[in-house]
Structure formats: C-alpha cells, structure tokens
Amino acid sequence: MMRGCHSLAITCTAILLSIRCSRCMLMEDGSCPMLFFLPFTPPNTSNGSTLNSEFINEEMLYFINLAAALLAVDHVNHRNGDVVHDLALPNFERCNISIPQFLVQDSNSQEGGVSSAETTTPSNFLSVVSSVLTEGSLSDYNLQTMPGFENYNSTLSFSESSTGYRPCTIIGPSRSDDAIQLSRFLGDRNLEIPHISTHAVSHLLDNREEHPLFVRMMTSSQDM
C-alpha cells in the first residue's frame with residue numbers, strides 16, 4: 001500500500017510540474033491531453049523460469065506504475081489533495097485546467113503495447129515515439145477518456161494534419177537513455193512538448209541547450 005501511495009504521489013507531482021511547464025500548450029478550454037511513457041509490463045518469463053518472491057514484488061511494481069497514472073489523472077481532475085496537498089490549494093482549485101483524455105504507452109514493451117514484455121532498446125523506443133507523435137491518426141489510438149469528459153473533442157489532441165498525437169505534456173520515460181532519446185527526437189522535429197521524467201538521473205540531461213523542455217524529479221547524477 002505504501003509503495004502504491006508513493007507512486008501515486010510521484011505521478012501527481014509530475015503532472016503538476018508538467019502543467020506548470022506547459023501552460024502555453026493548453027487548449028483554449030484549459031484541457032491538457034497527456035502522454036505517459038511508463039514501465040508497466042513485467043519482465044519476460046516465456047522461457048519457463050520460476051517466479052520468485054523478488055520477481056513478484058517487481059511485477060507488482062510495474063502494475064502499480066500503471067494504476068498510479070490512472071489515479072493521478074483522476075486526483076488532478078477532482079482536485080483531490082489527499083496525497084498531494086497542492087491539488088487542494090485555492091489557486092489550483094480556481095483554475096480550469098483538466099486532463100480529459102490521455103494515452104499510456106509501455107516504455108518496457110518492444111512495441112509499446114501491453115502484450116510484449118521484451119526490454120525496449122533505444123531504437124525500439126524511438127520507433128514507439130515516432131509512431132505515436134508523428135504517424136498515427138485518431139483511429140490508431142486507444143485513448144483513455146476520463147469520466148465526465150465523454151463529449152470531449154478527441155481531434156483536438158492531434159496535429160492539424162491529424163497525423164500524430166499532440167499532448168500538451170509528456171510524463172516519462174523513467175530511464176535516462178530513453179529520456180535523452182525522446183528529448184532529441186522532439187528537438188529535431190521542433191515539437192515543443194515539455195516532458196518530465198520521474199527517475200532519469202543522467203547528468204547529460206542537465207544541458208539546457210540540448211534538452212530545453214526536459215524536467216526531472218530526481219537529483220542529477222552530477223550532484224550525487
């Protein structure tokens with residue numbers, strides 16, 4: 001339970017930070033469609049290996065990451081300050097920012113979906129990023145719509161050409177090498193989308209010229 005609360009607190013805080021970084025990207029109605037790159041597929045056991053208690057705990061953590069994302073969006077939309085108290089502050093309660101819709105991609109999966117449990121290599125991860133942000137159309141995505149936003153216009157979450165999902169902010173990925181790859185991908189294509197990582201620590205991400213829209217929640221390895 002404590003691990004679940006910790007993951008929820010981290011994700012809620014990440015959402016708050018990302019919203020503050022992406023105010024210029026918000027829709028006119030204050031909506032902020034989001035993209036999560038989270039590790040929620042457990043390691044591959046197709047080789048018949050036995051699950052030990054350590055693996056079971058690790059497997060549980062992966063699903064906690066996914067549950068934390070779902071709950072964090074709900075907490076932000078309802079200004080629920082039980083875990084992250086800032087959500088209940090008057091300044092935030094009065095603003096009209098909401099997350100009507102979001103997309104979750106598995107940063108551990110080779111193809112970005114829940115069916116594959118292979119570890120993502122940098123090239124595979126970039127393939128997932130490219131397919132989400134530059135190639136797909138509305139019908140290609142399993143967008144999650146939050147209760148109360150059933151009438152939200154999903155096409156607002158896409159570029160004018162309807163090619164590629166356009167979140168106002170990205171949460172994740174958690175690994176430093178993936179975060180660097182994502183930052184360079186966004187920069188090379190002039191996609192000004194803020195992205196915040198909950199666990200990336202590489203000092204290479206400290207370079208603001210190369211990674212101007214990256215925000216971290218962990219201390220840089222340079223300061224450890």
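Residues numbered from 1 in each chain as written. Predicted model: local features only at pLDDT ≥ 70, side-chain atom pairs only at ≥ 80, totals over all residues. Heavy atoms only, no water.

J.: I'm lost on the pairing of strand β2 (residues 101-106) in this one. Help?
T.: As a general feature of sheets, a regular strand has side chains that alternate between the two faces. β2 sits mainly inside the fold: six of its six residues count as buried. Taking every second residue as pointing to the same face, both faces of β2 are buried, with Gln-101, Leu-103 and Gln-105 on one and Phe-102, Val-104 and Asp-106 on the other. Strand direction decides the pairing type here: strand β1 (residues 34-38) and β2, joined by five bridges, are parallel. When the bridges of β2 are listed, Phe-37 appears paired with Gln-105. The sheet contact formed by β2 and strand β3 (residues 144-145) spans two bridges and is antiparallel. Residue Phe-102 lies in a different strand from β3, and its bridge partner there is Gln-144. (Buried < 20%, exposed > 50% of the residue type's maximum accessible area, 1.4 Å probe, protein only. Helix = DSSP H or I, 4+ residues; strand = E, 2+ residues; numbered from the N terminus. Pairing = 2+ DSSP bridges.)

J.: Explain the nonpolar core to me, please; I cannot follow it from the model alone.
T.: Among the nonpolar cores identified, the biggest contains 24 residues, and Ile-15, Met-34, Phe-36, Val-73, Leu-87, Phe-102 and Ile-171 are the most heavily contacted of them. Broken down by secondary-structure element, the contributors of at least two residues to this core are α1 (2-21), β1, α2 (53-77) and β2. Contact partners of Phe-36, with chain neighbours within four places excluded, come to Thr-11, Ile-15, Ala-69, Val-73, Phe-102, Leu-103, Val-104, Gln-105 and Ile-171. Core analysis: the second largest hydrophobic core is formed by 18 residues, Phe-37, Val-128, Leu-143 and Phe-185 among them. (Core = buried A, V, L, I, M, F, W, Y, C linked by side-chain atoms within 4.5 Å. Contact = heavy atoms within 4.5 Å.)

J.: Is there a simple way to explain the environment of Ser-220 in this structure?
T.: Looking at where Ser-220 falls in the secondary structure, it is placed in the segment after β6 (214-216). Classification of Ser-220 by relative accessible area gives buried; the value is 4%. Residues Ser-220 and Leu-204 lie 16 residues apart in sequence; the distance between their C-alpha atoms is 8.9 Å. In contact with Ser-220, other than residues within four places in its own chain, are Val-201, Ser-202, His-203 and Asp-206. Within the local environment of Ser-220, its side chain forms a polar contact with the side chain of Asp-206, the two groups lying 2.7 Å apart. (Polar contact = N/O pair within 3.5 Å; in protein donor to acceptor, adjacent residues only side chain to side chain.)

J.: Can you help me understand the state of the cysteines in this one?
T.: Note: disulfide means a covalent bond formed between the sulfur atoms of two cysteine side chains. As enumerated under the stated definition, the model contains one disulfide in all. One disulfide bridge connects Cys-32 with Cys-168, the sulfur atoms lying 1.7 Å from each other. Linking Cys-32 in the loop between α1 and β1 with Cys-168 in the loop between β3 and β4 (169-171), this pair joins segments that are 136 residues apart in sequence. By the burial criterion, Cys-32 is buried, and Cys-168 matches it. (Disulfide = S-S within 2.5 Å.)

J.: Sorry, what's going on with the pattern of salt bridges here?
T.: Two side chains that carry opposite charge are able to pair once their charged atoms sit near each other. Applying the stated criterion across every chain, the model contains two salt bridges. Between Arg-175 and Asp-178 there is a salt bridge, with its nearest N and O atoms 3.0 Å apart. Judged by its relative accessible area of 27%, Arg-175 is partly exposed. Take Asp-178: its relative accessible area is 1%, and that puts it in the buried class. The closest approach of N and O atoms between Arg-216 and Asp-206, which form a salt bridge, is 2.7 Å. In this pair, Arg-216 is assigned in strand β6 and Asp-206 in the loop between β5 (195-197) and β6, connecting sequence segments ten residues apart. (Salt bridge = Lys/Arg side-chain N within 4 Å of Asp/Glu carboxyl O.)

J.: Even after reading the chapter, I still don't get the confidence of the model for the chain, so can you show me in this structure?
T.: Caution applies to low-pLDDT parts of the model: their predicted coordinates are not meant to be read in detail. Mean pLDDT over the chain works out to 74, with 72% of the residues at or above the 70 mark. The spread of mean pLDDT over the elements of the chain runs between α1, the lowest at 65, and helix α5 (residues 176-188), the highest at 90. The low-confidence segment residues 110-120 (pLDDT under 50) makes 30 contacts with residues lying over four places distant or belonging to another chain. (pLDDT = per-residue confidence, 0-100.)

J.: Quick question: what am I supposed to make of the packing of aromatic side chains here?
T.: How two aromatic rings sit relative to each other is given by the distance of their centres and the angle of their planes. This model, assessed by the stated rule, comprises one aromatic pair. Between Phe-36 and Phe-102, the aromatic rings sit 5.8 Å apart at their centres with planes inclined by 85°, giving edge-to-face as the arrangement. Pair noted here: Phe-36 is in strand β1 and Phe-102 is in strand β2, with a separation of 66 residues, a long-range link. Exposure class is identical for Phe-36 and Phe-102. Each is buried. (Phe/Tyr/Trp six-rings, centres within 6.5 Å; stacked < 30°, edge-to-face > 60°.)

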